[in-house]
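Below, each chain spelled out in residue letters.
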Amino acid sequence: MTARERQETEKSAQAGIGEAIRTRSKKVSRNPQRTHAAILEAATEEFAAHGFGGARVDAIAARAQTNKRMLYHYFGDKEGLYLAVLEATYAAIRNAEKHLDLARRDPEEGMRELALFTWRHFLAHPEFLSLLVTENLHQAHYLQRSDRVLEMHSHFIDELSDVLRRGEAAGVFRSAVDPVSVYLTIAALGFFYLSNRHTLSTIFARKLTSPDALNAWGEHIVEVTLASIRA
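Residues numbered from 1 in each chain as written. Predicted model: local features only at pLDDT ≥ 70, side-chain atom pairs only at ≥ 80, totals over all residues. Heavy atoms only, no water.

J.: Where do I start with the overall build of the protein in this structure?
T.: In terms of helices and strands, the protein carries 11 helices and 0 strands. The secondary structure elements of the protein, listed N-terminal to C-terminal, are α-α-α-α-α-α-α-α-α-α-α. In the protein, which comprises 231 residues, the proportion classed as buried is 38%. (Helix = DSSP H or I, 4+ residues; strand = E, 2+ residues; numbered from the N terminus. Buried < 20%, exposed > 50% of the residue type's maximum accessible area, 1.4 Å probe, protein only.)

This is the structure we're talking about:
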């Protein structure tokens, strides 16, 4: 094959790739719900990987196989998109918690399941922890704009309060336990472990990321949580 033939072949291949991308973009743009979801998913990955300042709108559009015009159409601007990502990540964990059906569970069993669920959610969604770090670096500047986040957490605390009240009435939990403190205990034990797992593994010469270590820490979270509220 001559040099010219190779060049023509490469041009043809590149044109085919470009056409395929344009075709996928057209298909996405014809489905508003799919486009919205694709942008949100791409933005979650970008913000989790690079933070708010390092994330690029062009990169998000490319990941979502759409264009910046569609991104601005659905979310307004980069800040609006970032807030939408934060709300979606919080909504994901709060909605998943509903399947625990805490209102119908034995209080002690309910607390155990909530602690394990939170730990496993952190393990399965490292992007959630990355976004939390980013937003705390901004001192919750963007999250404070969200009424939706406040509402969903208010419902969650109400449900947790009910579990604690029922446990108190049954004589298994202490009286007047603060539900926010209980949740902070659960979340802190999981968040610190995962956020520092590499440095902690190094300084203690222990593989904290092994399946056995992760399972053992989940049980430790349960025991610490229950011990802190038992009568």
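J.: Hey, could you run me through the layout of surface pockets in this one?
T.: Left-over empty space is what a probe sized like a water molecule reveals as it rolls over the atoms. Quantified by volume, the largest pocket comes out at close to 620 Å³. Lining the largest pocket are 23 residues, with Y90, L132, H153, Y183 and L184 sitting closest to its centre. Broken down by secondary-structure element, the contributors of at least two residues to the lining of the largest pocket are α5 (78–97), α7 (126–137), α8 (147–169) and α9 (179–195). In terms of residue count, α9 provides more of the lining of the largest pocket than any other element does, 6 residues in total. Here the residues of the lining of the largest pocket sort into 17 nonpolar, 4 polar and 2 charged. (1 Å grid on protein atoms, 1.4 Å probe; cavity = no way out; pocket = protein on both sides within 12 Å on 5 of 7 lines; lining within 4 Å. Points joined across faces, edges and corners; volume = space filled by probe spheres on them. Nonpolar A, V, L, I, M, F, W, Y, C, P; charged D, E, K, R; others polar.)

J.: Mind showing me how you'd approach α5 here?
T.: Because each turn of an α-helix spans 3.6 residues, side chains separated by three or four positions in sequence point in the same direction. With 20 residues, α5 ought to run about 28 Å at 1.5 Å a step, and its terminal C-alpha atoms sit 29 Å apart, in line with that. The residue sitting at the N-terminus of α5 and contributing the capping side-chain oxygen is D77; that oxygen lies 3.3 Å from the backbone nitrogen of E79. (Expected span 1.5 Å × (residues − 1). Polar contact = N/O pair within 3.5 Å; in protein donor to acceptor, adjacent residues only side chain to side chain.)

J.: Is there a simple way to explain the environment of N31 in this structure?
T.: Counting through the fold element by element, N31 comes out in the loop between α1 (3–29) and α2 (32–54). For N31, a relative accessible area of 26% gives the class partly exposed. Among the polar contacts made by the side chain of N31, one reaches the main-chain amide nitrogen of R34 at a distance of 3.0 Å.

J.: I keep staring at helix α4 (residues 68–75) and nothing clicks. Help me out?
T.: Of the positions making up α4, those classed as buried are M70, L71 and F75. All buried residues of α4 lie within an arc of 105° about the axis, which places them on one face of the element. Along α4, the residues that are exposed and aim more than 90 degrees away from the buried face are R69 and H73. On its buried face, α4 is in contact with α2, α3 (57–63) and α5. Sitting at the amino-terminal end of α4 is N67, which places a side-chain oxygen 3.1 Å from the backbone nitrogen of R69. Looking one or two residues beyond α4, the residue adopting positive phi is G76, at roughly 85°. (Arc of directions from axis to C-beta. Contact = heavy atoms within 4.5 Å.)

J.: Explain the pattern of salt bridges here, please?
T.: A side chain of one charge can pair with a side chain of the opposite charge when the charged atoms of the two come close. Under the counting rule described, the total for this entry stands at 11 salt bridges. A salt bridge links E45 to R63; the shortest N-O distance between them is 2.8 Å. In this pair, E45 sits in helix α2 while R63 sits in helix α3, placing the two residues 18 residues apart along the sequence. Since its relative accessible area comes to 38%, E45 is described here as partly exposed. One salt-bridge network, held together by shared partners, links E45, E46 and R63. (Salt bridge = Lys/Arg side-chain N within 4 Å of Asp/Glu carboxyl O.)

J.: Before we go on, may I ask you to explain the environment of A92 in this structure?
T.: Inspection of the secondary structure puts A92 in helix α5. Spatially, the C-alpha atoms of A92 and F128 are 9.7 Å apart, while their sequence positions differ by 36 residues.

J.: What is the right way to read the packing of aromatic side chains from this model?
T.: Geometrically, a pair of aromatic rings is defined through the distance of the ring centres and the angle of the planes. All told, the structure shown has 11 aromatic pairs when counted by the stated rule. On the basis of an interplanar angle of 85° and a centroid distance of 5.2 Å, the ring pair of Y82 and Y142 is categorised as edge-to-face. Residue Y82 is located in helix α5, and its partner Y142 is located in the loop between α7 and α8; the two are separated by 60 residues in the primary sequence. Y142 carries the same exposure label as Y82, and that label is buried. Consider the rings of F122 and F128, whose centres lie 6.0 Å apart with planes at 45°: the pair is tilted. Residues F122 and F128 agree in their burial class; the two are buried. Through a chain of ring-to-ring contacts, the aromatic side chains of F47, F52, Y82 and Y142 assemble into a single cluster. The ring of F52 is capped by K78, whose NZ or CZ atom sits 4.7 Å from the centre of that ring. One cation-aromatic arrangement involves R94 over F156; the distance from NZ or CZ to the ring centre is 4.4 Å. (Phe/Tyr/Trp six-rings, centres within 6.5 Å; stacked < 30°, edge-to-face > 60°. Lys NZ or Arg CZ within 6 Å of the ring centre and 35° of its normal.)

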